[in-house]
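The lines below spell out each chain.
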Amino acid sequence: MKLPSKPYALLPALLLLAACAATGPKFESEAAPPEDRATVYIYRESGFVGGGVAYTVSANGVEIAALPAGGYFVYHAASGEVEFTARTEAKTSVTIDAKAGATYYIKGTIGVGVFVGHPHLTVVPNDVGAKEIVECNLVPGANTEG
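The structure reproduced in this document is the subject of the present report. (Residues numbered from 1 in each chain as written. Predicted model: local features only at pLDDT ≥ 70, side-chain atom pairs only at ≥ 80, totals over all residues. Heavy atoms only, no water.)

Applying the stated criterion across every chain, the model contains five salt bridges. In this structure, E135 engages K26 in a salt bridge whose closest nitrogen and oxygen atoms are separated by 3.7 Å. Of the two residues, E135 sits in the loop between α3 (126-132) and β9 (137-138) while K26 sits in the loop between α2 (11-18) and β1 (38-43), which places them 109 residues apart along the sequence. On the basis of relative accessibility, which here comes to 54%, the residue E135 falls in the exposed class. (Salt bridge = Lys/Arg side-chain N within 4 Å of Asp/Glu carboxyl O. Helix = DSSP H or I, 4+ residues; strand = E, 2+ residues; numbered from the N terminus. Buried < 20%, exposed > 50% of the residue type's maximum accessible area, 1.4 Å probe, protein only.)

This is the structure:
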């Protein structure tokens, strides 16, 4: 029995998905973040598993940006509780108690899902986030003010 060549037709689509990774400039910490707001870096390291899946991250229900593999963006949060959510066919969320002048790092990852990967958001210590984000590229067009 001859196997159909249809699986090879998926190759261009897979290559296109791989190209969906963040393409902005490499990470740079903000030189002068607003003093009256918290600075929140949301990032996702590059990886093969789920690399073609980007998911939208929101803060208190307001969309910030889509987070692709290898991407990051900055969000300036008002003081108080801020819930960050991400959704594909599943939803994840983390909440921080933002303090003016403080810096936070939220790491995005992706796990196995039925139809599309499941997003995960985790608040990580600043020393961990500062090391991991350096290989990420800026996601253009993010809503940076909350």
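Quick look at the nonpolar core now. Residues V40, I42, V57, I64, F73, Y75 and F84 are the most contacted members of the largest nonpolar core, which totals 25 residues. Within the residue set of this core, elements represented by two or more residues are β1, β2 (55-59), β3 (62-67), β4 (71-77), β5 (80-87), β6 (91-98) and β7 (103-111). In contact with I42, not counting residues within four places along its chain, are V57, I64, L67, G71, Y72, F73, Y75, F84 and I106. Core analysis: the second largest hydrophobic core is formed by nine residues, F27, Y41, Y43 and Y72 among them. (Core = buried A, V, L, I, M, F, W, Y, C linked by side-chain atoms within 4.5 Å. Contact = heavy atoms within 4.5 Å.)

Turning next to the environment of E145. Secondary-structure assignment places E145 in the segment after β9. Distance from E145 to A78, taken between C-alpha atoms, is 8.3 Å for residues 67 residues apart in sequence. Those residues within four positions of E145 in sequence are excluded, and the remaining contacts are R37, Y75 and H76. Side-chain polar atoms of E145 contact the side chain of R37, separated by 3.4 Å. (Polar contact = N/O pair within 3.5 Å; in protein donor to acceptor, adjacent residues only side chain to side chain.)

As summarised here, the arrangement of the five strands in space is β8-β7-β1-β4-β9, forming an open sheet in which the pairing is mixed. The open sheet is flanked by β8 (118-124) and β9, the only strands paired with a single partner. Where β4 meets β9, two bridges bridge the pair, whose relative direction is parallel. Within β9, the position partnered with G71 by the bridge is N137. (Pairing = 2+ DSSP bridges.)

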